[in-house]
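Geometric and topological summary
Now for the letters of each chain:
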Amino acid sequence: MKKTALAVLAAALWAGAALAPADAADSGAPASTSLKQAFDRTVILPYDFQQKVFIRGQKTDLYLDYKLVQRESRVFVPIRLLSYLAGEANRSGGIWETIWDAKRPNEVVLTNAALKRTIRFAVGSRTMEVNGKAVAIDVAPYKVNGTILLPLRSASSALEKEIQWLDGLILIGDDKIDPKLADTRSLIDPIKRQLTDKRTRAEVESSTGLLARSGNTSYYYRAFYTATATSELLYKQKDGGKPVRIELPGKPVLSQAKAADGKVYYPTVISGKAELHALDPATGKAAKAASLSGWKPSDGWLEAVVKLEGQLLVNLHSGDLTMGSETLYRLDGGSLKEVGGGKSLMAYARSGDRLLYTNFHFMTMQPGNLKQVDLRTGKFSSIGDSAFTYGINRTVSGGSVGHVGSDKLYVKDGSAYALGYEEADQTATSAVYRIPLDGGAQTRLTPSASDFWLEGASVYYVDRATGKLGQAGLGGGASRIVVDRPVFDVRLHGGSLYYRAQPVGTRPSDLHAQAGDLYRYDLAAGREIKLSDKPAHSYEVGPKGVYYVSDGYEPGLYKVGADGKSTAIVRDNVAATLLTDSGIVYTLTYKSGVFAAGG
């Protein structure tokens with residue numbers, strides 16, 4: 001719940017607009033980009049708008065009951081539709097806000113503080129103001145039934161966006177699309193099929209959460225919402241069978257469930273008292289694991305259940321994100337025993353009787369936040385350099401400093417490995433450090449890094465300056481780049497690093513796109529292998545293989561075979577996935593139910 005989630009929709013500057021067919025040839029700049037190349041950084045919708053658009057490569061349902069209008073050979077968009085899309089986060093270009101004042105009902109203002117740009121439109125006026133300067137437009141905004149409609153071409157010009165009309169599709173973005181290229185023409189029909197899909201989302205008044213799978217049986221919960229309460233019910237379903245409800249005692253909060261040690265742990269309240277219960281997918285039965293005296297799900301949430309060297313640890317969050325705190329317990333003999341706590345615990349590691357963890361206090365960053373506790377005696381101490389803060393990805397850009405908690409903390413051969421930086425140095429960014437557990441000088445292992453992984457005698461890291469994947473030895477010394485492309489969503493599994501990457505030639509401003517090609521970097525062979533033949537919006541990797549979800553013009557869930565080729569499990573929009581030792585479980589966006597595929 002506390003991990004950052006930044007909305008990346010921005011090409012959406014929808015306000016970025018559209019031409020009617022007669023305008024398509026007005027631009028004099030030569031087009032050189034195919035729609036396939038620009039798909040993940042373009043807003044696309046049909047003129048026959050049916051509440052679905054592609055925003056940076058992802059199909060999005062808007063559920064706004066508005067239509068585009070053609071008038072005087074120009075396309076107009078309702079201001080509220082424009083307000084939604086233009087208000088989404090815009091890559092590195094700041095946020096566009098739409099301002100409407102009831103005292104001046106025939107005016108609308110678009111403003112972007114980061115770009116220092118303000119645009120004012122008035123109903124019936126063929127003049128717009130851009131940063132206070134009058135600019136003539138060839139068609140005026142108008143109002144229908146109280147709704148202001150803006151001319152898309154003028155809005156896009158003011159927002160400095162490219163817009164094109166392509167066989168009934170409106171394209172909005174930064175690229176000039178060449179309509180004659182084969183990689184443009186071939187996408188028109190697939191895109192139209194997706195955007196004219198009249199289905200509505202399967203879950204509106206309820207939601208489904210995937211929990212576990214054992215053999216041919218999947219476990220999930222359904223959350224049902226009313227104006228005053230939410231109820232969460234547990235179900236199991238055999239492949240090809242019907243859902244069967246499993247009765248659970250009390251009022252379980254399955255949306256807080258955590259998988260650990262082959263079971264699913266969740267809080268429940270019975271007769272006013274909170275307990276931690278565990279569901280065993282192998283038997284389909286749940287049992288009490290411990291009492292949660294003094295804490296209830298309404299007080300916060302179950303943040304984590306993890307197993308380290310045979311010990312189960314339970315982290316309970318109390319309060320909200322801003323003023324709350326967390327307490328770490330070990331689960332022993334049916335009871336919870338407190339072992340530590342802090343503002344926000346981000347990562348854990350264990351070395352014998354020593355338990356290490358990092359504490360992220362984002363309101364007042366404090367050095368000495370890498371803690372260790374002796375599980376036998378309960379004695380606490382801080383380790384590392386007293387001037388350093390650890391376990392935090394610190395960024396410095398344009399005079400502003402940002403902090404994001406890291407879930408990486410390793411212990412190997414008597415040392416801890418974590419991101420770190422000197423707190424007092426306002427220009428310092430995070431790098432990977434080796435920190436002796438029993439004192440002594442720490443060693444910086446990498447250049448400035450945003451994330452890292454330990455494997456064998458090496459540390460692999462994401463270089464902050466370039467976004468590329470690097471390698472360094474655990475003893476310090478020279479480092480090198482091993483994957484010469486910006487990567488994101490990196491995971492270590494089975495001696496390989498898996499990640500997504502944007503195509504070669506992607507602009508730096510596009511590096512936060514939602515989709516990317518899926519790759520595997522074989523650490524032993526030092527070789528990169530491309531795994532997906534479609535943009536991956538998410539992926540899973542585990543004992544049963546590698547799967548990825550594409551949500552573009554060829555949506556579906558795909559499995560990567562041993563030959564490196566992708567096989568479709570389902571060709572439809574996938575809402576969620578869960579990979580288990582028994583196969584993958586998934587839900588669909590426009591069809592109710594839980595589905596599964598074996599290995």
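Up top you'll find the structure we're talking about.
Residues numbered from 1 in each chain as written. Predicted model: local features only at pLDDT ≥ 70, side-chain atom pairs only at ≥ 80, totals over all residues. Heavy atoms only, no water.

Looking at the overall build of the protein
- When you go through the protein residue by residue, the secondary structure sums to 4 helices and 53 strands.
- Long-range pairs, those at least 24 residues apart, make up 43% of the contacts in the protein between residues at least 6 apart in sequence.
- Put simply, the protein shows about 26,700 Å² of open surface, and 48% of that area lies on carbon and sulfur atoms. (Helix = DSSP H or I, 4+ residues; strand = E, 2+ residues; numbered from the N terminus. Contact = heavy atoms within 4.5 Å. Areas by Shrake-Rupley, 256 points an atom, 1.4 Å probe, with all protein chains shown as cover.)

As for the layout of surface pockets
- The computed volume of the second largest pocket comes to approximately 1,600 Å³.
- If you go around the second largest pocket, you meet 43 residues; those closest to its centre are Lys258, Ala259, Glu540, Leu578 and Leu579.
- Sorting the residues of the lining of the second largest pocket by element identifies strand E15 (206-214), strand E20 (258-260), strand E21 (263-270), strand E24 (300-308), strand E28 (345-351), strand E47 (538-542) and strand E51 (574-580) as the ones contributing at least two each.
- Taken together, the residues of the lining of the second largest pocket break down into 24 nonpolar, 8 polar and 11 charged. (1 Å grid on protein atoms, 1.4 Å probe; cavity = no way out; pocket = protein on both sides within 12 Å on 5 of 7 lines; lining within 4 Å. Points joined across faces, edges and corners; volume = space filled by probe spheres on them. Nonpolar A, V, L, I, M, F, W, Y, C, P; charged D, E, K, R; others polar.)

Here's the deal with the sheet that holds strand E29 (residues 354-359)
- Taken in spatial order, the 4 strands of this open sheet run E28-E29-E30-E31, and their pairing is antiparallel. Across the chains shown, the open sheet's two edge strands, defined by having one partner strand only, are E28 and strand E31 (380-382). Going from strand to strand, the sheet's axes swing by 25° on average, the running direction of each strand aside.
- Two strands pair when backbone bridges link them, and E29 and strand E30 (residues 370-374) are joined in this way by 5 bridges, in the antiparallel orientation. Bridging across to E30, threonine 358 finds its partner in leucine 370. (Pairing = 2+ DSSP bridges. Axes fitted to C-alpha atoms, helices over the stretch in contact; angles between N-to-C directions.)

Digging into the sheet that holds strand E48 (residues 545-550)
- Pairing is antiparallel in the open sheet, where 4 strands are placed in the order E47-E48-E49-E50. Both edges of this open sheet fall to E47 and strand E50 (566-570), since each of them pairs with a single strand only. Between one strand and the next, the sheet's axes are offset by a mean angle of 25°, whatever the strand orientation.
- Here E47 pairs with E48 via 5 bridges, running antiparallel. Note that in E48 the partner of glutamate 540 across the bridge is tyrosine 547.

Topic: empty space enclosed by the protein
- Per the stated rule, a full pass over the model turns up 1 cavity of 30 Å³ or more.
- Estimates place the volume of the largest cavity at around 40 Å³.
- When residues of the lining of the largest cavity are traced back to their parent elements, those giving at least two are strand E13 (162-166) and strand E14 (169-173).
- Residues belonging to the lining of the largest cavity are distributed by class as follows: 4 nonpolar, 3 polar and 3 charged.

Section: the pairing of strand E25 (residues 311-318)
- Counting buried positions along E25 gives 7 out of 8 residues, so the element sits mostly inside the fold.
- As paired strands, E24 and E25 are joined by 8 bridges and run antiparallel to one another. For glycine 300, the partnering residue across the bridge sits in E25 and is serine 318.
- Between E24 and E25, which pair antiparallel and follow one another directly, the connecting turn spans 2 residues, one of which, glutamate 309, has a positive phi of 50°.
- As paired strands, E25 and strand E26 (residues 325-332) are joined by 6 bridges and run antiparallel to one another. Across the sheet, residue leucine 316 finds its bridge partner in E26, namely threonine 327.
- Once E25 ends, the chain turns through 6 residues before running back antiparallel as E26, passing glycine 319 with a positive phi of about 85°. (Buried < 20%, exposed > 50% of the residue type's maximum accessible area, 1.4 Å probe, protein only.)

A few points about the environment of leucine 187
- Structurally, the position occupied by leucine 187 is in helix H4 (residues 182-195).
- The residues contacting leucine 187, other than those within four sequence positions of it, are Leu35, Lys36 and Tyr553.

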